[in-house]
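Understanding the architecture of this molecule
This is what each chain is made of:
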Amino acid sequence: VQLQASGGGLVQDGGSLRLSCAASLSSFNDRTIGWFRQAPGKEREFVAATRRTGGRPYYADSVQSRFSISRDDAKNTVFLQMNGLKPEDTAVYYCAASPSGQFVIPNLRRYYPYWGQGTQVTVSS
């Protein structure tokens, strides 16, 4: 099982980035895929998640209305479109996958046994 996050970079306050998470997973369309982030000295926190195909997305309150998660099951890829970026969004962003077909509480890390390596997002003020 492999998850590859990409698309991070350095942007100015108010800018946009699109992160991608490419997964080598069977039954990809039957898994919840989540994005989490970790800033220096802080715990890893939930950002957004997309349930298996057809389910509604979930967002942390801090990113609601600015971030949008989507998935392309044909390509085993999930995207995180981040608009209106703020300096407090600076962190390493990780994507994670649940087991196939399992009930998931999307914002809890323990439901995601598979993790990617992370991609750095830096927002300058």
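This text follows the structure it describes.
Residues numbered from 1 in each chain as written. Predicted model: local features only at pLDDT ≥ 70, side-chain atom pairs only at ≥ 80, totals over all residues. Heavy atoms only, no water.

1. What to know about the pattern of salt bridges
All chains considered together, the criterion is met by 4 salt bridges. Of the charged contacts in the structure, one is a salt bridge between Glu-45 and Arg-37, with a shortest N-O distance of 2.6 Å. A relative accessible area of 37% means that Glu-45 is categorised as partly exposed. Across the pair Arg-71 and Asp-73 runs a salt bridge, and its minimum N-O distance is 2.8 Å. The buried category is assigned to Arg-71, whose relative accessible area is 18%. The partly exposed category is assigned to Asp-73, whose relative accessible area is 22%. (Salt bridge = Lys/Arg side-chain N within 4 Å of Asp/Glu carboxyl O. Buried < 20%, exposed > 50% of the residue type's maximum accessible area, 1.4 Å probe, protein only.)

2. Remarks on the state of the cysteines
Here, the word disulfide means a covalent bond between the sulfur atoms of two cysteines. Counted according to the given criterion, the structure contains 1 disulfide. Shown here is the disulfide that connects Cys-21 with Cys-95, its sulfur atoms set 2.2 Å apart. Across the S-S bond linking Cys-21 and Cys-95, the dihedral sits near 75°, which makes this disulfide right-handed. Taken together, the residues Cys-21 in strand 3 (residues 17-24) and Cys-95 in strand 9 (residues 91-97) connect sequence positions 74 residues apart. The exposure classification of Cys-21 matches that of Cys-95, with both residues buried. (Disulfide = S-S within 2.5 Å. Helix = DSSP H or I, 4+ residues; strand = E, 2+ residues; numbered from the N terminus.)

3. Considering the environment of Leu-10
With respect to the helices and strands, the residue Leu-10 is situated in strand 2 (residues 9-12). C-alpha separation for the pair Leu-10 and Asn-107, spaced 97 residues apart in sequence, amounts to 26 Å. Other than its neighbours up to four places away in sequence, Leu-10 contacts Thr-122 and Ser-124. (Contact = heavy atoms within 4.5 Å.)

4. So, the nonpolar core
One finds Trp-35, Val-47, Phe-67, Leu-80, Met-82 and Tyr-93 to be the most contacted residues of the largest nonpolar core, which totals 36 residues. Where this core is concerned, the elements lending two or more residues are strand 1 (2-6), strand 3, strand 4 (33-38), strand 5 (45-50), strand 7 (67-72), strand 8 (77-82), strand 9 and strand 11 (119-124). Element by element, the count of residues in this core is highest for strand 9, at 5 residues. Beyond its immediate sequence surroundings of up to four residues, Val-47 is in contact with Trp-35, Phe-36, Arg-37, Tyr-58, Tyr-59, Ala-60, Val-63, Phe-67, Leu-80 and Tyr-93. (Core = buried A, V, L, I, M, F, W, Y, C linked by side-chain atoms within 4.5 Å.)

5. Details of the layout of surface pockets
Put simply, the largest pocket is a space of about 160 Å³. Along its surface, the largest pocket is lined by 13 residues, and Arg-37, Lys-42, Glu-45, Glu-88 and Asp-89 are the ones closest to its centre. Residue composition of the lining of the largest pocket, by class: 2 nonpolar, 3 polar and 8 charged. (1 Å grid on protein atoms, 1.4 Å probe; cavity = no way out; pocket = protein on both sides within 12 Å on 5 of 7 lines; lining within 4 Å. Points joined across faces, edges and corners; volume = space filled by probe spheres on them. Nonpolar A, V, L, I, M, F, W, Y, C, P; charged D, E, K, R; others polar.)

6. A few points about the sheet that holds strand 3
Overall, antiparallel pairing links the 4 strands, which are arranged 1-3-8-7 in an open sheet. Two strands lie at the open edges of the sheet, namely strand 1 and strand 7, each paired on one side alone. Direction aside, neighbouring strands of the sheet carry axes that sit 15° apart on average. Of the pairings in the sheet, the one linking strand 3 to strand 8 comprises 6 bridges and is antiparallel in character. Across the sheet, the residue bridging to Ala-22 is Thr-77, located in strand 8. (Pairing = 2+ DSSP bridges. Axes fitted to C-alpha atoms, helices over the stretch in contact; angles between N-to-C directions.)

All we've got here are geometric facts, nothing functional implied.
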